[in-house]
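One-letter residues, chain by chain:
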Amino acid sequence: MTRFALLLLLLLPLRAAAQVDDEKRRLLQFGYEQPLAGPAPFSGYAFFYFNQPDLVRKGDALRVAAAPLYMDGEYGLSGALGPDTDLGIGLSGGGFAQSHSEIRGGRLYRDESFTGHGGGASLSLYHLFNRGERIPLTGTLRAGVQHATYEPQRETDPRFELPLSHTTLLARGGLRYGGEEPLMDPLEALEVSGWYEGRVRDRSDPYGFSDERALRTASHFAWGRALLTYTPKETGRRTHAGVTAGGSLNADRLDAYALGGLLPMSAEFPLELPGYYAHELSARHFVLLDARYCVPLDERRLFSASVFGASALVDYVPGMEQPGRTHTGLGAGLEFTAPERDWSAALNYGYGVDALRSGRRGAHSLAFTLQYDFEAAPEKPTAPARAGQPQGLRWFRR
């Protein structure tokens, strides 16, 4: 299968999937990033995001994100454990989502990269602590199981021993104040959140050329982020600033924090660094600062230009180290939004100031993203949140 074909098959986790969404959504998302020099891992997605409230009974919601060979979905039962506590039943599975690209020192090692498939199930509890407030404070508790199996790619060295298939038990807990809509470039967002996730595998067999690598049996992750995005109606100038930080215990190559790339929907918590390969840096601990400023170029606000940047301090996973712990990326982009506000597209350029390429610093990339919103309207009325329901992502609407 060609790398371009994977563009239509790969689905990566969506941001804002950690709480029940009570708004009807039909979103088509597409993204592709291409480094301008050197071999690079594939970076792209194409999927349809569907969220339908009140599907079977009032207050419930079905969320599905679907690509041709992968699907992630959750059915939310409103008030399952009290008026402010909902239950989510999740299923996911398909091809390519567990694949691994080995990148060390700014170089892609195709002979050590491999394809992974898998799926899982989860049960989640969502509790609203401040019913009636404009900005929700929600808590999440989740237990899940995932299974992964691996196969070599065309360039994988026959001597490279792949990880054995394994099953992982997961437990997550978190608090989130505010939220961010699952959109390519939200006009408004406010979030302060903190999370913990524990993972326990059923095996820790060695793999690699000489069994020099191993999957950790148990690993622990704690991270948090704060972000603000604001767009005054008078000027349409969008300003965004954010900080994300995380730490871990016993992280390995396959479950480390992955920084790099320019695609906003590439993960539930995207760790973007302009100019870098997608998921180029594998970190045990990190701090990432990012900012963006976007200005309309015409009176109708169809065209806009933006400048952005991100900087990270990284503590690498063992075996993935490189000189220097700080990484900075800068960029600029152009965006077009259709007059009906139903679709938008953006072309962004990124320069990785500290990215290693052939022993030197500096790397360039281009990223194209497109979003089609089947539910878009020039002026959407704001409906009040239902009593006892999480206010979801509607809290920042005027």
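Residues numbered from 1 in each chain as written. Predicted model: local features only at pLDDT ≥ 70, side-chain atom pairs only at ≥ 80, totals over all residues. Heavy atoms only, no water.

Colleague: Residue-level account of unusual backbone geometry, with values.
Modeller: Only a minority of non-glycine residues have a phi that is not negative, and only a minority of peptide bonds are not trans. Of note in the backbone geometry, Asp54 takes a positive phi value of approximately 60 degrees without being a glycine. Unlike most non-glycine residues, Ser358 shows phi in positive territory, near 55 degrees. Counting through the fold element by element, Ser358 comes out in the loop between β19 (343-357) and β20 (360-373). Overall, Ser358 belongs to the exposed group, its relative accessible area being 81%. (Helix = DSSP H or I, 4+ residues; strand = E, 2+ residues; numbered from the N terminus. Buried < 20%, exposed > 50% of the residue type's maximum accessible area, 1.4 Å probe, protein only.)

Colleague: Requested: an account of the packing of aromatic side chains, with residues and values cited.
Modeller: One pass over the full model with this rule turns up 16 aromatic pairs. Ring centres 5.4 Å apart and planes at 55 degrees place the aromatic pair Phe336 and Trp343 in the tilted group. Over the aromatic face of Phe221 sits the side chain of Arg199, whose NZ or CZ is 4.3 Å from the ring centroid. Sitting over the face of the ring of Tyr277, Arg357 holds its NZ or CZ atom 3.7 Å from the ring centroid. (Phe/Tyr/Trp six-rings, centres within 6.5 Å; stacked < 30°, edge-to-face > 60°. Lys NZ or Arg CZ within 6 Å of the ring centre and 35° of its normal.)

Colleague: Requested: an account of the pairing of strand β7 (residues 107-128), with residues and values cited.
Modeller: Regular strands place their side chains on alternate faces of the sheet. Examined bridge by bridge, strand β5 (residues 85-94) and β7 share ten bridges and lie antiparallel to one another. If you follow Leu91 over to β7, its bridge partner there is Ala121. Taken together, the four bridges between strand β6 (residues 100-104) and β7 define a ladder with antiparallel strand orientation. Counted as the bridge partner of Glu102 is Tyr109 from β7. With antiparallel pairing between neighbouring strands as the criterion, β6 and β7 make up a hairpin whose turn holds two residues, including Gly105 at a positive phi of roughly 60 degrees. The pairing of β7 with strand β8 (residues 137-152) spans 15 bridges and is classified as antiparallel. (Pairing = 2+ DSSP bridges.)

So yeah, pure geometry; function would need other evidence.
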